[in-house]
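Now for the letters of each chain:
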Amino acid sequence: MKNSDSKKTLGLKLREAPLATPTDLKAAATKDISGAMNAILADVFALYLKTKNFHWHMSGQHFRDYHLLLDEHASQIFGITDAIAERVRKVGGTTIRSVGHVARLQRIVDNDEEFVGPTEMLRELHGDNKAFVESLRAAHVIASKANDYATTSLIEIWIDEAERRAWFLFEATR
Ligand SMILES: [Fe+2]
């Protein structure tokens with residue numbers, strides 16, 4: 001193929017799929033991994049905002065401890081967002097574009113209550129972090145099937161972090 005021909009082909013490809021990152025993964029694997037990881041990313045944003053919400057609206061005698069604990073957790077949660085989105089781009093998918101997109105994909109449920117007691121807050125976040133671990137395990141199975149080691153190794157770290165958050169939240173409520 002002449003150079004000008006290959007340039008033309010590339011131009012055509014870019015117009016047809018302008019955000020398709022080249023990857024050796026099969027199209028089905030890209031779709032499955034992107035689907036799983038975008039749902040994870042939506043959950044991460046939902047969990048981040050709920051953790052901040054509870055950090056901002058904390059009350060009671062353990063205010064300082066709980067307020068600071070939830071801020072630590074929120075920073076850790078927010079800290080993984082970029083890596084998740086960029087994994088999706090690296091494997092050839094596209095990722096979350098808006099808060100509305102998050103709302104369509106999130107499985108962690110928002111809490112817009114006017115008042116939530118301190119213990120209830122910690123219990124709810126404990127449940128959410130545990131559910132998040134389950135979703136991460138499910139995403140690990142999908143990435144594993146495609147031999148997507150970079151995604152599985154990141155997920156393993158995120159499971160450990162979420163289990164640590166769940167542990168602290170559990171101990172603080174008993
Ligand atoms: Fe704060």
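In this report, we go over the structure that sits alongside the text. Source: prediction; values computed, not measured. (Residues numbered from 1 in each chain as written. Predicted model: local features only at pLDDT ≥ 70, side-chain atom pairs only at ≥ 80, totals over all residues. Heavy atoms only, no water.)

A few points about the pattern of salt bridges
Point 1. Counted according to the given criterion, the structure contains seven salt bridges.
Point 2. A salt bridge links D148 to R87, with the nearest nitrogen and oxygen atoms 2.8 Å apart. Of the two residues, D148 is situated in the loop between α6 (118-145) and α7 (149-172) and R87 in helix α4 (residues 81-90); the sequence distance between them amounts to 61 residues. The two residues D148 and R87 agree in class, both being buried. (Salt bridge = Lys/Arg side-chain N within 4 Å of Asp/Glu carboxyl O. Helix = DSSP H or I, 4+ residues; strand = E, 2+ residues; numbered from the N terminus. Buried < 20%, exposed > 50% of the residue type's maximum accessible area, 1.4 Å probe, protein only.)

Points about the environment of E124
Point 1. Considering the arrangement of structural elements, one finds E124 in helix α6.
Point 2. On the basis of relative accessibility, which here comes to 26%, the residue E124 falls in the partly exposed class.
Point 3. When sequence neighbours within four positions are dropped, the list of residues in contact with E124 reads K50, F54, V109 and N111. (Contact = heavy atoms within 4.5 Å.)

Overview of the packing of aromatic side chains
Point 1. The tally for this structure, following the rule as stated, stands at two aromatic pairs.
Point 2. With a centroid separation of 5.0 Å and an interplanar angle of 45 degrees, the aromatic rings of Y48 and F78 are classed as tilted. Placement of the pair is Y48 in helix α2 (residues 27-56) and F78 in helix α3 (residues 63-78), with a sequence separation of 30 residues.
Point 3. Each ring, one from W167 and one from F168, has its centre 5.3 Å from the other, and the planes form 85 degrees; the classification is edge-to-face. (Phe/Tyr/Trp six-rings, centres within 6.5 Å; stacked < 30°, edge-to-face > 60°.)

With respect to α6
Point 1. Here α6 spans 41 Å end to end across 28 residues, near enough to the 40 Å set by a 1.5 Å rise per residue.
Point 2. Positive backbone phi, at 55 degrees, marks N147, one or two positions downstream of α6. (Expected span 1.5 Å × (residues − 1).)

Points about the environment of N38
Point 1. Along the chain, the position of N38 falls in helix α2.
Point 2. Between the C-alpha atom of N38 and that of I84, which follows or precedes it by 46 residues, the distance is 7.8 Å.
Point 3. Non-local contacts of N38, meaning those with residues more than four positions away in its chain, are made with V88, T94, T95, I96 and L105.
Point 4. A polar contact of 2.9 Å, which involves the side chain of N38, links it to the backbone oxygen of T94. (Polar contact = N/O pair within 3.5 Å; in protein donor to acceptor, adjacent residues only side chain to side chain.)

Re α4
Point 1. Inspection of α4 places T81, I84, A85, R87 and V88 among the buried residues, and these make up the whole buried set. End-on, the buried residues of α4 take up no more than an arc of 155 degrees, which puts them together on one face.
Point 2. Looking at the packing, one finds that the buried side of α4 touches α2, α3 and α7.
Point 3. Within two residues after α4, G92 carries a phi angle of roughly 100 degrees, on the positive side. (Arc of directions from axis to C-beta.)

Take it as geometry only, folks, not as evidence of what the structure does.
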